[in-house]
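Fold and geometry: a report
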Amino acid sequence: MKTKRRKINLSDVASLERSMSCQDVSFSRPRRRKSSLNSLADIENASVSFGTSIKGDADTMIPCGQSVENNNNSLHDVEYQNNSDDDLFGNLTVDENRSPSPILPSYASPTQKINRTKRSRQSLCSVNWSADETLLMKCSDQLFANEKKDDPKLSKTVQNVTDADIEKKSQKCSDTKSEMKNDSVFGDIDLSYVENQMNTNIKKNSKSEAHNNSPIKSKFDQVVEEPKPVAASTPSRACAGGNLMLKLKERLKANANQQTASSFHLRDAAKDFSKILLDVGGESQFLTQSQLKCKSLGPFYGLPAKVQNLMEQFRGIKKVYDWQHKCLSLPSISEGKNLIYSLPTSGGKTLVAEILIMRELLCKERDAILVLPFVAIVQEKVRNIAQFADELDFLVEEYAGSKGKIPPTKRRKRKSLFICTIEKANTLVNSLIEAQRLDSVGLVVVDELHMLGEGGRRGATIEMTLAKIMHVSCTTQIIGMSATLSNIGDLATFLHSEVYTNDFRPVTLDEHVKYEDSIYKVDTKNLNPDEQLTIDRPIGYANKEMSLRDTDHLATLVLEVIPDHSCLIFCATKKNCENVATMICKLLPESLKERKVREKKGILETLYQDSGNEGICPVLLKTIPYGVAYHHSGLTSDERRLIEGAYTDGVLCVITCTSTLAAGVNLPARRVIIRSPYVGRSFLSRAQYKQMVGRAGRAGIDTKGESYLILTKTQDKQRVMELVTGPVETCISSLMYDGGKGFKTLILNLIGLKIMTKLSDVKDFFSRTLISVQLKSLPDRFSYLSTTEDTSDNATLVENVTKNALQELLNLKLIKLVKLKEDENSPDSKDISDYGLEATKLGIATNRGSIDLTISNIVYDDMKLGLQNLVLLNYLHLLYLVTPHDACANIKPNWMFYFEEYGKLTPDEQTAATVIGVPENFIAMKAAGHRVRNKKFKDDVVSRFYVTLMLYHLFRGKSVWEVSVRFEQPRGFLQSLLSSSAAFASCVLHFTKELEEFWPYHALLEKLIQCLQYCTTAELIPLMEIPGVKIARAKQLFNSGFKSLAQIAKSEANNLVKNIEHLSKRQALQIIASAKVLLKEKIEELQAEAEELQTIPDI
């Protein structure tokens, strides 16, 4: 007696769970590579089958769900949705007496919304249906649910498929990288899309050739030679395609009605379906992978309307610009292709990036990485995005300094946005590659992409990070943005990306040059070089005092816009910032001191409290009453943030600053004045100039922006002309900086990660880099790499450069040569290409710790010496081990003061200094002015220990102000010294963990890192973990009763403002949102640990 078959209804999750627990069924899902299904091979490769055989009888193996009679919406919705006259398949009806297909489960219609519960997600974890398979099943089951007859010939043919064939096809699928989400079976896929695309292709080709006359090649050809008549129970309608449509229906009916499920493989069905699509339309128009995976959650570019409301609430953005809409609507965005977009500064590039990031987190449910150039910008972005994270339920993780877990915690529920500095992004990517988790990252956004051509370590790090991502994960989308890109074609070739450019600015920009007593207007659109600078107006002095004190007319230019508008003045050096601010205040009218007196007084009080009641900078004390302040890295982060907030609120109207402000915090102004065309002693680059003048003009406030470049030296006139009218400098690869250090670091990364194992692999990867692209497009820029005059032979050039880099790594004992298996018995060779490549233990440690190649052996020697003579009577020796080597680059010790400080050390501390290599007699000789020729004493060690003394005072609780005065160093440098030391300590910790001999350091360094991060008492550490909360604010919160993370997360903004002095509501909201996100992160980590402990291991 034939058992009646019943359909699976995946909306009935409990039924599916019962069937899976009772029957011997295994739905394993091979990992699959993301691709566009645009060809037969693509569809065949992307169609995922049941990876293991399904045991048991076909009638008993199918999980029992609801019958067709109970599934009222499953088929009728399809007829309603696709009701055009050109309906390819005709009206669909349901034969209620027919048994469901024993193979293909029934599905709800594409328009039916299924409420996903936590239980449904968990119960389907072992199924992992792919969206491709879901669509195929829908087509087969919905179109032919009313067909009754089975095909015995077909059954016999399918039974001939061997297990070897199935295993071979499964192996193809398992080699791919990415896997679909567990709930993709519920994806909102519109079946009418496929039908309409097929109809379009049929109409396009029906006039030229009758495709139904040619045989359809498939494995079923021996059985299905002619189309069978449509069953009487299925009403048909005339449509384009004729017999071909009957073939299509019969082909899918054969798949639906075959009996031997244990041998059936869904890949075959997909193969036939794809071939018919190819025959009908000439090329497949199947849904792309990105369309299947990215679910739309609302009207705001696929995001819920709530996101749009949050943009207005937190950012004041009510409507996107036209260019933003066009960029977000690009096909390359929806298809998951890489993209570079370039617009002038202040054009709104960041908003596009944030929308794309939220789409990745919420719609595609994958992690994202945002790479920013500076630590301060990372911290600001973490604070700003925390409010969105709290409302939209995703996590924000900061990777800057010593912060950021390597590798990152694998989250169970929420997706994470990793906001990183350039260096930390490289370390994060390395850890994800090593853990085979890079495919969990769906999007990488790089801000200031032009820094690829910076010419130093940072540019090389960006290039190697992007190259590794593209090599390892084909499913990770890369978005690059910049305001200053000239050779964007080279970058597009390197990233395999599309390009979007626009010259949009929210307000117009008028550029000027001031030379002597005249103002010249810049007209870059004029093709005549002699007419690109024209006299606009003369400029004079308001009084005689100005002519004596202000020869460059700075005060005059400032007074033309303030106090009604704002002004930024970029200066060449930090000291010049302070001098210009002081000078301007002496020439400003006293009436400016009467504006916003209470707010200015509040700023000064806050500065005093943040200093630990140590004092206020004398320059700021004089300038803030006039509404003027300076801004550079010599200030502490609290001081800079306070000044930025006061400027944004209109309390301050003038800021004198260095060029770093142009590339950092977004502080637009009505007028930008460039005090000198220099940054330090270097002449301004075109990119730097464009970033500075790009700050002119505030969207929604000003009708235009103005920039003034002051030219003081006649000999610079021609260079200034080229600066303001010429093109942006070409972005050149930085991999070969400093003798190829970047390239050597890349090779060590690749060998350490086991991506490359021999010379040919390295040369192959080299072809994926930007420098490889530019060896062809800009060969003259790399002529120095060639040892001959002929630079046209790139292959030989690359091989020589690679061999030289490998030889240097061998000399540093970071890699080693190993014989290949096939050459084990052959005699030794001197050619590197005859060997395999492996990283040594030191190389692996250097790689894991992100230690600079040039100091890896120094770090090793220091740690080795410490094992023999480590002084633990105090922290001085440990602090020396984690003092950054580059921190003392610009520090020149005051030897007399150094000698006095050394004399104040205790005997135990002097013992530590002697062990390190800094004896008292050496310091005494240097203080006396004698030259020390003893090679036993190293100048770099002595200079580094001088910086360690500063760190030691901070570590012991001395304030930044006190140490700043004592050592005559800027407060900002000392604060950054603390954070950079904590970051380097984290690197050293990872370094020691890879070398077993250094096991005693593990516990010591972990404790030291925490102390360096906060330098405070234990009760304040939880509060200082909140982004943006420093020691002074943490003390305020603690003293006001907010003693834990949970208390702050549950508090109201008004309550914080009421209890904390000089705290604005905007700052309070950011602190609360950051606390909530951090609390969610900690809770999820604890839940994951608890579940892991409760897991019973398999026996």
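Figured I'd write up the structure that's included with this text. The structure displayed is predicted, hence computed values, not measured ones.

Turning our attention to the overall build of the chain. Scanning the chain for helices and strands turns up 46 helices and 19 strands. Out of the 1099 residues in the chain, the part that is buried amounts to 54%.

In terms of burial, strand E8 (residues 508-515) is a largely internal element, 6 of the 8 residues being buried. In terms of strand pairing, E8 meets strand E17 (residues 704-711) through 8 bridges, oriented parallel. Bridge assignment links Tyr515 to a residue of E17, and that residue is Leu711. As defined by bridge partners, E8 adjoins strand E9 (residues 518-522) across 4 bridges and the pair is classed as antiparallel. By the bridge assignment for E9, Lys514 is matched with Ile519.

Burial of strand E12 (residues 628-631) is two-sided: the residues Val628 and Tyr630 facing one way and the residues Ala629 and His631 facing the other way are all buried. Both E12 and strand E13 (residues 654-657) contribute to a ladder of 4 bridges, which runs parallel. If you follow Tyr630 over to E13, its bridge partner there is Thr656. In this fold, the crossover linking E12 to E13 by way of helix H25 (residues 637-648) has right-handed handedness.

Each neighbour pair has its own omega, and for Ile406 with Pro407 the value is -10 degrees, a cis peptide bond. Within the element layout of this structure, Pro407 appears in the loop between strand E3 (395-399) and strand E4 (416-420). For the peptide bond that leads from Ile562 to Pro563, omega is 5 degrees, which places it in the cis range. For Pro563, the position within the fold is in the loop between helix H21 (554-559) and strand E11 (567-570). The residue Glu365 is not glycine, and still its phi comes out positive at about 55 degrees. Relative to the assigned elements, Glu365 resides in the loop between helix H15 (349-363) and strand E2 (367-371). The phi dihedral of Asp393 is positive, around 65 degrees, even though this residue is not glycine. Structurally, Asp393 can be placed in the loop between helix H16 (375-392) and E3.

Taken as a whole and judged by the stated rule, the model has 49 salt bridges. Of the charged contacts in the structure, one is a salt bridge between Asp536 and Arg537, with a shortest N-O distance of 3.9 Å. Given a relative accessible area of 23%, Arg537 falls into the partly exposed group.

Read from one edge to the other, the open sheet built from 7 strands follows the order E3-E4-E2-E5-E6-E1-E7, with strand pairing classed as parallel. One side of each edge strand has no neighbouring strand; the edge strands of this open sheet are E3 and strand E7 (497-501). Neighbouring strand axes in the sheet, compared pairwise and without regard to direction, differ in orientation by 15 degrees on average. Bridge analysis of E3 against E4 gives 5 bridges, and the strand direction is parallel. Its bridge partner being in E4, Tyr399 is matched across the sheet by Cys420. Strands in contact with H15 are strand E1 (338-342), E2, E4, strand E5 (441-446) and strand E6 (477-482); relative to E5, the strand with the most contacts, it is inclined by about 170 degrees.

Moving on: the packing of aromatic side chains. For the structure on display, the rule yields 15 aromatic pairs. A ring pair is formed by Trp895 and Tyr898, whose centres lie 5.6 Å apart and whose planes are at 20 degrees; its orientation type is stacked. Taken together, the positions of Trp895 and Tyr898, both in helix H35 (residues 895-903) and 3 residues apart, correspond to about one turn of that helix. Members of the aromatic cluster, connected to one another through ring pairs, are Trp895, Phe897, Tyr898, Tyr946 and Phe967. Taking NZ or CZ as reference, Arg971 lies 4.4 Å from the ring centre of Trp961, over its face. Here the guanidinium or amino end of Lys1043 rests over the ring plane of Phe1038, the centre of that ring lying 5.1 Å away.

With that settled, consider the nonpolar core. Of all hydrophobic cores here, the largest spans 127 residues; its most connected members are Ile369, Phe494, Phe743, Val918, Phe945 and Leu1012. Per element, the largest residue contribution to this core is 11 residues, and it comes from helix H38 (residues 939-955). Those residues in contact with Val918 that sit more than four places away from it in its chain are Tyr898, Tyr902, Ala913, Ile923, Val941, Val942 and Phe945. With 72 residues, the next largest nonpolar core counts Ala581, Cys617, Ala629 and Cys653 among its residues.

Another point: the environment of Thr992. Here Thr992 is to be found in helix H40 (residues 971-993). Note on Thr992: relative accessible area 0%, which makes it buried. Residues Thr992 and Gly849, spaced 143 residues apart in sequence, show a C-alpha to C-alpha distance of 8.3 Å. In this structure Thr992 touches Met863, Phe998, Tyr1001, His1002 and Leu1005, once residues within four positions along its chain are discounted.

Glancing now at H38. Here H38 is 17 residues long and its end C-alpha atoms lie 24 Å apart, about the 24 Å a rise of 1.5 Å per residue gives. The element H38 is largely enclosed, with a buried count of 15 among its 17 residues. Directly beyond the C-terminal end of H38, a positive phi value near 100 degrees is found at Gly957.

With that out of the way, let us pick up the sheet that holds E17. If you trace the 8 strands from one edge of the open sheet to the other, you get E10-E9-E8-E17-E14-E11-E13-E12, paired in mixed fashion. Strands at the two margins of the open sheet, each flanked by one partner only, are strand E10 (533-538) and E12. Ignoring which end each strand starts from, the neighbouring axes of this sheet average 25 degrees apart. Where E11 and E13 come together, 4 bridges link them in parallel fashion. Looking at E13, one finds that Cys567 is bridged to Val654. Sheet strands touched by H25: E11, E12 and E13. Its angle to E12, the strand with the most contacts, is close to 135 degrees.

This brings us to the side chain of Gln1067. Relative to the assigned elements, Gln1067 resides in helix H46 (residues 1065-1094). With relative accessibility at 19%, the residue Gln1067 sits in the buried group. Not counting residues up to four positions away in its chain, the partners in contact with Gln1067 are Arg1033 and His1062.

Further remarks concern the packing of helix H23 (residues 597-610) against H25. It is at 10 Å that the axes of H23 and H25 come closest, and there the two elements cross at 165 degrees. The orientation of H23 with respect to H25, classified from their angle, is roughly antiparallel. Crossing hand, H23 versus H25: right-handed. Each of Ile603, Thr606, Leu607 and Asp610 in H23 lies in contact with H25, whose residues at this interface are Asp638, Glu639, Leu642 and Ala646. Here the residues of the contact of H23 with H25 sort into 4 nonpolar, 1 polar and 3 charged.

With that out of the way, let us pick up the packing of H40 against helix H41 (residues 1001-1014). Their axes nearest at 9 Å, the elements H40 and H41 cross at an angle of 165 degrees. When the axis of H40 is compared with that of H41, the two are roughly antiparallel. In this structure, H40 crosses over H41, and the sense of that crossing is left-handed. Touching Leu978, Ser981, Ala982, Ala985, Ser986, Val988, Leu989, Thr992 and Lys993 of H40 are Tyr1001, His1002, Leu1005, Glu1006, Ile1009, Leu1012 and Gln1013, all from H41.

In this section: the environment of Cys657. Take Cys657: it is sitting in strand E13. Given a relative accessible area of 0%, Cys657 falls into the buried group. Along the chain, Cys657 and Phe570 lie 87 residues apart, while their C-alpha atoms are 5.0 Å from each other. In this view, Cys657 contacts Ile569, Phe570, Cys571, Cys577 and His631; residues no more than four positions away in its chain are not counted.

Inspection of the secondary structure puts Ala1088 in helix H46. Residue classification places Ala1088 among the partly exposed residues on the basis of a relative accessible area of 22%. It is 8.1 Å that separates the C-alpha atoms of Ala1088 and Arg411, two residues lying 677 residues apart in sequence.

Reading guide: rules and limits
- Residues numbered from 1 in each chain as written.
- Predicted model: local features only at pLDDT ≥ 70, side-chain atom pairs only at ≥ 80, totals over all residues.
- Heavy atoms only, no water.
- Helix = DSSP H or I, 4+ residues; strand = E, 2+ residues; numbered from the N terminus.
- Buried < 20%, exposed > 50% of the residue type's maximum accessible area, 1.4 Å probe, protein only.
- Pairing = 2+ DSSP bridges.
- Right-handed = clockwise from strand over helix to strand, strands pointing away.
- Salt bridge = Lys/Arg side-chain N within 4 Å of Asp/Glu carboxyl O.
- Axes fitted to C-alpha atoms, helices over the stretch in contact; angles between N-to-C directions.
- Contact = heavy atoms within 4.5 Å.
- Phe/Tyr/Trp six-rings, centres within 6.5 Å; stacked < 30°, edge-to-face > 60°.
- Lys NZ or Arg CZ within 6 Å of the ring centre and 35° of its normal.
- Core = buried A, V, L, I, M, F, W, Y, C linked by side-chain atoms within 4.5 Å.
- Expected span 1.5 Å × (residues − 1).
- Parallel < 35°, antiparallel > 145°, perpendicular 65-115°, else oblique.
- Left-handed = near helix turned anticlockwise from the far one by under 90°.
- Nonpolar A, V, L, I, M, F, W, Y, C, P; charged D, E, K, R; others polar.

This is a description of form; function is not addressed.
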